Amino acid sequence: MKLATLNDGTRDGQLAVVSRDLKTAHIADGIAPTLQAALDDWGFIAPQLDELYRQLNEGKARRPFDFDPARCMAPLPRAYQWADGSAYVNHVELVRRARGAEMPASFWEDPLMYQGGSDDFLGPRDDIVLAHEEWGIDFEAEVAVVTGDVPMGATPDEAHGQIRLLMLANDVSLRNLIPEELAKGFGFLQSKPATSFAPLAVTPDELGEAWRGGKVHLPLRSSWNGHLVGQPDAGVDMVFNFPQLVAHLAKSRNVRAGSIVGSGTVSNKDASRGYSCIAEQRCLEMIEHGEAVTSFMRFGDTIRIEMLDEKGKSVFGAIEQVVKRLER
């Protein structure tokens with residue numbers, strides 16, 4: 001099924017079920033008021049949502065209305081946890097090669113992961129508002145999962161059974177702030193502003209054969225200022241699948257329902273597939289030509305991130321954002 005959160009003026013929005021073709025929706029407040037409430041009691045709530053989803057797709061729902069992505073918040077407007085991995089090690093390798101650093105062997109055996117802010121996510125049409133272009137504004141197109149309760153020490157197989165939903169993310173990065181922050185040896189903070197999400201969270205079964213091996217085997221399309229700049233396959237070159245990422249997060253803690261785990265920038269070794277973040281393109285330019293010529297995003301720039309199925313239909317809806325200057 002496909003779920004969305006509509007902006008009703010509250011912090012957590014109003015849960016809605018969206019039809020498979022993304023044309024109609026139905027408020028689900030008679031079943032669960034918010035997506036987090038549904039995740040907290042998934043075994044009881046999910047079958048009821050799925051029945052409403054069936055009725056909506058069959059034209060039998062009582063009060064359907066036209067679905068408008070512009071009304072959507074992030075599926076989880078705020079979450080208990082947002083942990084972002086770097087499962088596409090090709091991306092990490094390019095970044096390190098560009099600055100002449102060796103690639104530690106452990107990066108192929110143990111996932112990289114950071115814990116980001118989860119108190120204020122952006123919806124699919126919300127502007128990316130920042131104070132300075134000089135910070136090096138970059139988009140990062142990613143896939144993410146939402147979990148149920150995962151106990152500490154869970155195996156990847158156990159973690160796989162607790163993957164409830166899939167989403168698309170734009171994990172915005174401020175590239176020129178990253179080196180100084182990481183040099184302190186304490187991780188990201190200011191260099192990772194609010195993350196954006198596509199309008200829909202979907203259950204894995206909606207992807208059919210495209211969801212296998214704990215990966216999404218579909219291209220992820222990024223269009224910058226109206227030009228397609230990348231469509232790497234999210235199922236290719238993903239060294240750590242989502243069950244492994246979730247199990248990694250649960251190594252030393254319980255992971256509670258509503259936690260979001262990201263894939264990191266989707267990246268293929270085949271450079272002809274383009275890129276999912278500007279930094280990767282700049283790294284290739286440095287490796288091949290000795291200098292980066294592609295600039296980061298400017299105020300007024302647009303970014304669109306979307307995943308299409310085998311029939312060319314949008315799976316999650318699209319992230320469509322404009323970069324704007326902070327006015328105080």
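Located above this text is the structure these notes cover.
Report follows, based on the coordinates. Keep in mind that what you see is a predicted model, and the values were worked out from it rather than measured. (Residues numbered from 1 in each chain as written. Predicted model: local features only at pLDDT ≥ 70, side-chain atom pairs only at ≥ 80, totals over all residues. Heavy atoms only, no water.)

### A few points about the pairing of strand β1 (residues 2-6)
Thinking step 1. When you tally the buried positions in β1, you get five out of five residues, the bulk of the element.
Thinking step 2. Across the two faces of β1 the burial is the same, with Lys-2, Ala-4 and Leu-6 and Leu-3 and Thr-5 all buried.
Thinking step 3. Pairing of β1 with strand β13 (residues 201-202) involves two bridges; the strand directions are antiparallel. Bridge pairing links Lys-2 to Val-202 in β13.
Thinking step 4. As judged from the five bridges shared by β1 and strand β2 (residues 14-18), these two strands associate in the antiparallel manner. Considered in β2, the bridge of Ala-4 is made with Ala-16. (Buried < 20%, exposed > 50% of the residue type's maximum accessible area, 1.4 Å probe, protein only. Helix = DSSP H or I, 4+ residues; strand = E, 2+ residues; numbered from the N terminus. Pairing = 2+ DSSP bridges.)

### Considerations on the packing of aromatic side chains
Thinking step 1. Under the criterion given, the structure shown has five aromatic pairs.
Thinking step 2. Centroid distance Tyr-114 to Phe-188: 5.0 Å. Interplanar angle 80 degrees. Geometry classified as edge-to-face. With a gap of 74 residues between them, Tyr-114 in strand β6 (residues 113-116) and Phe-188 in the loop between α5 (178-183) and β12 (196-197) connect regions that are remote in the sequence.
Thinking step 3. A relative accessible area of 14% means that Tyr-114 is categorised as buried.
Thinking step 4. Taking relative accessible area as the criterion, Phe-188 reaches 26% and is therefore assigned partly exposed.
Thinking step 5. On the numbers, 6.2 Å between centres and 65 degrees between planes, the contact of Phe-139 with Trp-224 is edge-to-face. With Phe-139 in the loop between β8 (137-138) and β9 (141-147) and Trp-224 in strand β16 (residues 220-224), the pair connects residues that are 85 residues apart, well separated along the chain.
Thinking step 6. One aromatic cluster is present, formed by Trp-82, Phe-121 and Phe-197 through successive ring pairs. (Phe/Tyr/Trp six-rings, centres within 6.5 Å; stacked < 30°, edge-to-face > 60°.)

### Re the layout of surface pockets
Thinking step 1. If you add up the space inside the largest pocket, you get close to 970 Å³.
Thinking step 2. Lining the largest pocket are 32 residues, with Val-95, Arg-99, Arg-175, Ile-178 and Leu-182 positioned closest to its centre.
Thinking step 3. The element that contributes the greatest number of residues to the lining of the largest pocket is helix α3 (residues 89-98), accounting for five residues.
Thinking step 4. Residues of the lining of the largest pocket, tallied by class, amount to 15 nonpolar, eight polar and nine charged.
Thinking step 5. Of the pockets and cavities examined, the second largest pocket occupies roughly 280 Å³.
Thinking step 6. Taken together, 15 residues form the lining of the second largest pocket, with Lys-2, Arg-20, Asp-309, Lys-313 and Ser-314 sitting closest to its centre.
Thinking step 7. Of the residues in the lining of the second largest pocket, the class split is four nonpolar, two polar and nine charged. (1 Å grid on protein atoms, 1.4 Å probe; cavity = no way out; pocket = protein on both sides within 12 Å on 5 of 7 lines; lining within 4 Å. Points joined across faces, edges and corners; volume = space filled by probe spheres on them. Nonpolar A, V, L, I, M, F, W, Y, C, P; charged D, E, K, R; others polar.)

### Describing the environment of Ala-74
Thinking step 1. Inspection of the secondary structure assignment puts Ala-74 in the loop between β4 (65-66) and β5 (81-85).
Thinking step 2. Taking the C-alpha atoms as reference points, Ala-74 and Gly-123, separated by 49 residues in sequence, lie 4.2 Å from one another.
Thinking step 3. Apart from residues lying up to four places away in sequence, Ala-74 is in contact with Thr-5, Phe-121, Leu-122, Gly-123, Pro-124 and Phe-197. (Contact = heavy atoms within 4.5 Å.)

### Concerning the nonpolar core
Thinking step 1. Counting residues in hydrophobic clusters, the biggest one holds 62 residues, and the most contacted among them are Val-143, Leu-207 and Met-307.
Thinking step 2. Take this core: its biggest share by element is five residues, from helix α6 (residues 242-249).
Thinking step 3. Sequence-distant contacts of Val-143, defined by excluding residues within four places in its chain, comprise Met-167, Leu-168, Val-216, Leu-220, Ala-234, Phe-242, Val-261, Gly-262, Ser-263, Val-266 and Met-307.
Thinking step 4. Residues Leu-3, Ala-32, Ala-38 and Ala-201 belong to the second largest nonpolar core, which totals 32 residues. (Core = buried A, V, L, I, M, F, W, Y, C linked by side-chain atoms within 4.5 Å.)

### Here we look at the packing of α3 against helix α7 (residues 278-289)
To characterise two packed helices, one gives the angle between the axes of the helices and the distance between these axes.
Thinking step 1. Direction vectors running N to C along α3 and α7 enclose 45 degrees, while the axes themselves pass 9 Å from each other. Taken together, the axes of α3 and α7 are oblique relative to one another. As for the relative orientation of α3 and α7, their crossing is left-handed in sense. On α7, the residues touching Asn-90, His-91, Leu-94, Val-95, Arg-97 and Ala-98 of α3 are Glu-280, Cys-283, Leu-284, Met-286 and Ile-287.
Thinking step 2. When its residues are assigned to classes, the contact of α3 with α7 shows seven nonpolar, two polar and two charged. (Axes fitted to C-alpha atoms, helices over the stretch in contact; angles between N-to-C directions. Parallel < 35°, antiparallel > 145°, perpendicular 65-115°, else oblique. Left-handed = near helix turned anticlockwise from the far one by under 90°.)

### Description of the pairing of strand β18 (residues 259-262)
Thinking step 1. Both faces of β18 are covered, namely the face carrying Ser-259 and Val-261 and the face carrying Ile-260 and Gly-262.
Thinking step 2. By the bridge criterion, four bridges tie β5 to β18 in an arrangement that is parallel. Across the sheet, the residue bridging to Trp-82 is Ile-260, located in β18.
Thinking step 3. Relative to β18, β9 runs antiparallel, the two sharing three bridges. Note on β18: the bridge partner recorded for Val-146 is Ile-260.

### A short note on the side chain of Arg-175
Thinking step 1. Its place among the elements puts Arg-175 in the loop between β11 (173-174) and α5.
Thinking step 2. Excluding residues within four positions of it along the chain, Arg-175 makes contact with Trp-135, Gly-136, Asp-138, Glu-140, Cys-277, Ala-279 and Phe-296.

### Let's talk about empty space enclosed by the protein
Thinking step 1. Overall, the coordinates contain one cavity of 30 Å³ or more when judged by the stated rule.
Thinking step 2. Its boundaries defined by the atoms lining it, the largest cavity holds a volume of some 30 Å³.
Thinking step 3. Lining the largest cavity are Thr-5, Asp-12, Thr-34, Leu-35, Gln-36, Pro-75, Leu-76, Pro-77 and Arg-78.
Thinking step 4. Within the lining of the largest cavity, the residues separate by chemical class into four nonpolar, three polar and two charged.

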